[in-house]
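A structural walkthrough
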Amino acid sequence: MLNTMRENAGSWIIKVLLGVIVVAFVFMGAGSFFKANRSSKVATVNGETISADQYQRAYYNTLENLRSQFGNRLNDDMIKMLNVKKQALDALIDTTLLRQEAQKNGLRIPDEELAASITSIPAFQNNGAFDKDRYKMLLGQNRLTPEKFETIQKEAMIMDQMRSLIIHSAMVSEDEARAWYQWENTSTDINYAVFKPETFTNIEITDKMIADYYAAHKEDYRTKPQVQAQYIKFDPAQYKAGITATPEEIAQYYAEYPDEFKTPETVSARHILFSLPEKATGEQVETARQKALEVLKKAAAGEDFAKLAKTYSDDPSKENGGDLGSFTRDQMVKPFSDAAFALSVGGISKEPVRTQFGWHIIKVDAHKPASTVSLKEATPKITEKLIDQKAKKRAYDAAESLYNATFNGEDFVKNAKAEKLDLVKTDFFGIDKGPKGFPDAKAFAELAFKLPLMEISDVAEIDNAYYLIQVIKNEPEKIPPLDAVKEQVRADAVREQQKTAAEKAAAQFLEKARAAGSLAAAAGENSGITIKSTGALNRNKTAIPGIGTDPALIAAAFGLTEKNKLPKKPVQTETGLYVIELKEKKAPPEQGFKIAERNIMDRILQQKQMKLYTSWIAKLREKSDIKESGNL
């Protein structure tokens, strides 16, 4: 809830409202990912060019959106798996097609409508009113002029009009919503027996079986291409000697970056939430309010607020007694912030506070006023930062100087010796892992694999240091001889035999269950098989106790019926083979549909609208002249 509230308020609203637009401009000029081809084109759409510069901004914007979703979990492997480069280009092509169609349809945005749209953005407001100075300041921070932003905003509004034309025909009937409700909320309980391959340990493997397995799976052992490189590291920390920061430089930095030294006013608070659906009826709103009033009386009478939150709150923060931690005014939605910042320490809101999430009872634990660090207090921090910046520039200049003096591989070695710089040689490495012991080995590997043999890289920044890299040897992919991978092949062959044994045992047990009439009756003939029950499962809660999450098992469980309580074959999962049996299936209560109907219809409508839009774009792509250069 805290993150959701923060994402819907203040400084985040500009990115939410403008989608990909503003973040893209934040990253203009960042990095050297596409530096060499900024002026070239990556695609044309009906003769209109998509430049490498546009693509770079879209790529970094897509990354930023993914970081907001996945946080620190977003790594290089995930970026490759999600095919971010392709995502970014596809988004640019689709946006170009949408804009072209909007122009063909003569869509326009009146100046008055544009002005109303911009002035209504909360990020540009101060105390609820549009603030021109704040507007210019925020645009400046995102490297935008008002004219450029207004052009972008108008284009976004026109494209939004076009989207509305595309999806307006989508409709949802009550029967569709009811069918979805039944499907989504039906619960099922199954009995099961599991056959795990690793438990079949009585497996004998001969040399012939190993050789046969190797012959049939040679491609599985093919190695990936590898390279060996040498590099020089230019660490800014080694270039700090003699660097100072003058009082004038410190004062200038302090004046240019005042926000770094300001601590905004904050409140630490707890809350009890009585949540409401997105389109709550008047009756639902009032019912929740009355519940909030009853709990508010208890809090006002001195009952422990944290215990009340654990008992009554609908927010996940209930587990911590409703504690939301410390936050600034613009990190919460306005009604919540206004109420919290108006309370004294220890104070509880006199009335429930209504937000888009429901009714809140708020208690303030601490209140810290805004403050500013003085120039004298900030001097050590600024000094350190300026020295770091100068040292980094020195390191870069040194790397660039050596690069400019190096014309071939021999020069690289000779110049390194002349400058008394360490020339480090790596082991052989692949693009997936990079050299051993390197701080950001994958980034190093990606750079190295783009280099021709013996060529020197441009100055590259990796992990806050600069590098010049040279690939000195490469080794193509190959299939190693059996002797080199025999133990690995043996282990793989054993696993295959174990899997075969588990499949056979599971199939035999399923046939026994059919003949005996149930899993329990079949297991009675073999004390080594244990029958367990999952308890009630539904499609929203797919984690099975003692098993975890497995889509194949969930799908098979919901495929069972009273008429066919046993599956046609054992269910294959990553953890083993399951023989399952329907124990009980329950339909959801009819009264629940009336409560959820509006929300379900909204969800189905969104899906239909997305399907319409996706289909429209696909058809438009088919009849359009789209050429991708392949220079990503």
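Reading the values: the criteria
- Residues numbered from 1 in each chain as written.
- Predicted model: local features only at pLDDT ≥ 70, side-chain atom pairs only at ≥ 80, totals over all residues.
- Heavy atoms only, no water.
- Pairing = 2+ DSSP bridges.
- Helix = DSSP H or I, 4+ residues; strand = E, 2+ residues; numbered from the N terminus.
- Axes fitted to C-alpha atoms, helices over the stretch in contact; angles between N-to-C directions.
- Contact = heavy atoms within 4.5 Å.
- Expected span 1.5 Å × (residues − 1).
- Buried < 20%, exposed > 50% of the residue type's maximum accessible area, 1.4 Å probe, protein only.
- Core = buried A, V, L, I, M, F, W, Y, C linked by side-chain atoms within 4.5 Å.
- Arc of directions from axis to C-beta.
- Lys, Arg positive; Asp, Glu negative; His and termini not counted.
- Salt bridge = Lys/Arg side-chain N within 4 Å of Asp/Glu carboxyl O.
- Parallel < 35°, antiparallel > 145°, perpendicular 65-115°, else oblique.
- Nonpolar A, V, L, I, M, F, W, Y, C, P; charged D, E, K, R; others polar.
- Phe/Tyr/Trp six-rings, centres within 6.5 Å; stacked < 30°, edge-to-face > 60°.
- Lys NZ or Arg CZ within 6 Å of the ring centre and 35° of its normal.
- Polar contact = N/O pair within 3.5 Å; in protein donor to acceptor, adjacent residues only side chain to side chain.

**Some thoughts on the sheet that holds strand E8 (residues 266-275)**
- Pairing is antiparallel across the open sheet formed by four strands, whose spatial order is E9-E8-E11-E10. Taken across any chain shown, the strands that pair with only one partner, and hence form the sheet edges, are strand E9 (323-328) and strand E10 (353-355). Averaged over all neighbouring strand pairs, the angle between strand axes comes to 45 degrees, with direction disregarded.
- Bridging between E8 and strand E11 (residues 358-368) involves 10 bridges; their strand directions are antiparallel. When the bridges of E11 are listed, Thr266 appears paired with Lys368.
- Sheet strands touched by helix H14 (residues 305-312): E8 and E11. Its angle to E8, the strand with the most contacts, is close to 35 degrees.

**Some words on the sheet that holds strand E15 (residues 465-475)**
- Ordered by their spatial adjacency, four strands build an open sheet running E13-E6-E15-E14, and the pairing between neighbours is antiparallel. Two strands in the sheet have a free side with no partner beyond their single neighbour: strand E13 (424-425) and strand E14 (460-462).
- Where strand E6 (residues 226-234) and E13 come together, two bridges link them in antiparallel fashion. Looking at the pairing, Tyr231 lines up with Val424 of E13.
- Seen against the sheet, helix H16 (residues 375-405) touches E6, E14 and E15 and runs at an angle of roughly 40 degrees to E15.
- Contacts between helix H17 (residues 409-418) and the sheet are confined to E6 and E15, with E6 contributing the most and set at about 40 degrees to the helix.

**Some words on helix H4 (residues 52-70)**
- A rise of 1.5 Å per residue sets the reference length of H4, with its 19 residues, at 27 Å; its end C-alpha atoms lie 26 Å apart and thus fit the reference within 8%.
- Those residues of H4 that fall on the buried side of the exposure criterion are Ala52, Tyr55, Gln56, Arg57, Ala58, Tyr59, Tyr60, Asn61, Thr62, Leu63 and Leu66.

**Quick look at unusual backbone geometry**
- Positive phi, close to 50 degrees, is recorded for Asp463, a residue that is not glycine.
- Here Asp463 shows up in the loop between E14 and E15.
- Backbone geometry at Asn464 places phi at a positive 65 degrees, although glycine is not the residue there.
- Its location among the elements puts Asn464 in the loop between E14 and E15.

**A few points about the nonpolar core**
- If you look at the biggest cluster of nonpolar residues, it comprises 23 residues, and the most contacted ones within it are Phe124 and Phe149.
- Within the residue set of this core, elements represented by two or more residues are helix H6 (84-104), helix H7 (111-119), helix H8 (132-141), helix H9 (146-167) and helix H22 (590-623).
- No other element matches the eight residues that H9 contributes to this core.
- Of all hydrophobic cores here, the second largest spans 21 residues; its members include Val42, Ile50, Ala58 and Leu97.

**Observations concerning H7**
- Three or more residues of H7 are buried, namely Leu114, Ser117 and Ile118. Viewed along the axis of H7, the buried residues span an arc of 95 degrees, placing them on a single side of the element.

**Side note on the side chain of Asp315**
- Counting through the fold element by element, Asp315 comes out in the loop between H14 and E9.
- We note that Asp315 is buried and unpaired, the nearest opposite charge coming from Lys318 at a distance of 9.8 Å.

**Some points on the packing of helix H12 (residues 247-256) against H16**
- In the contact formed by H12 and H16, the axes pass within 9 Å of each other and the chain directions differ by 105 degrees. Here H12 is positioned roughly perpendicular relative to H16, judged by the angle of their axes. On H16, the residues touching Glu249, Ile250, Ala251, Tyr253 and Tyr254 of H12 are Leu375, Ala378, Thr379, Ile382, Thr383, Lys385, Leu386, Gln389 and Lys390.
- Looking at the contact of H12 with H16 residue by residue, the classes come out as eight nonpolar, three polar and three charged.

**Regarding the environment of Gly321**
- Along the chain, Gly321 falls in the loop between H14 and E9.
- Considering only alpha carbons, one finds Gly321 and Pro236, 85 residues apart in sequence, at a separation of 47 Å.
- Every residue in contact with Gly321, bar those within four places of it in the chain, is listed here: Arg270, Ala306, Ala309 and Lys310.

**Let's talk about the side chain of Thr96**
- You can see Thr96 is positioned in helix H6.
- Sequence-distant contacts of Thr96, that is, excluding residues within four places in its chain, are made with Val45, Glu48 and Ile50.

**Remarks on the packing of aromatic side chains**
- Per the counting criterion, the structure on display carries 25 aromatic pairs.
- Where Trp180 meets Trp183, the ring centres are 5.9 Å apart and the plane angle is 45 degrees; that geometry is what we call tilted. Separated by three residues within a single helix, Trp180 and Trp183 lie in helix H10 (residues 174-185), roughly one turn from each other.
- On the basis of relative accessibility, which here comes to 47%, the residue Trp183 falls in the partly exposed class.
- Pairing Tyr253 with Phe261 gives two aromatic rings, centres 6.4 Å apart and planes at 75 degrees, and the pair type is edge-to-face.
- Taken together, the ring pairs connect Tyr231, Phe429, Phe438, Phe444, Phe449 and Tyr467 into an aromatic cluster.
- Taking the ring centre of Trp359 as reference, the NZ or CZ of Arg354 above it sits at 5.8 Å.

**With respect to the environment of Asn126**
- Tracing the sequence through the fold places Asn126 in strand E3 (residues 125-126).
- Along the primary structure Asn126 and Ala515 are separated by 389 residues, whereas in three dimensions their C-alpha atoms are 76 Å apart.
- Reaching out from Asn126, the side chain makes a polar contact with the side chain of Asp131 at a distance of 3.5 Å.

**Concerning the pattern of salt bridges**
- All told, the structure shown has 40 salt bridges when counted by the stated rule.
- Asp388 is the partner of Lys240 in a salt bridge, and the nearest nitrogen-oxygen pair spans 2.8 Å. Placement of the pair is Lys240 in the loop between E6 and H12 and Asp388 in helix H16, with a sequence separation of 148 residues.
- For Lys240, a relative accessible area of 34% corresponds to the partly exposed category.
- Judged by relative accessible area, which is 31%, Asp388 ranks as partly exposed.
- Put simply, Lys86, Asp90, Asp94, Arg621 and Glu628 are held in one network by salt bridges that share partners.

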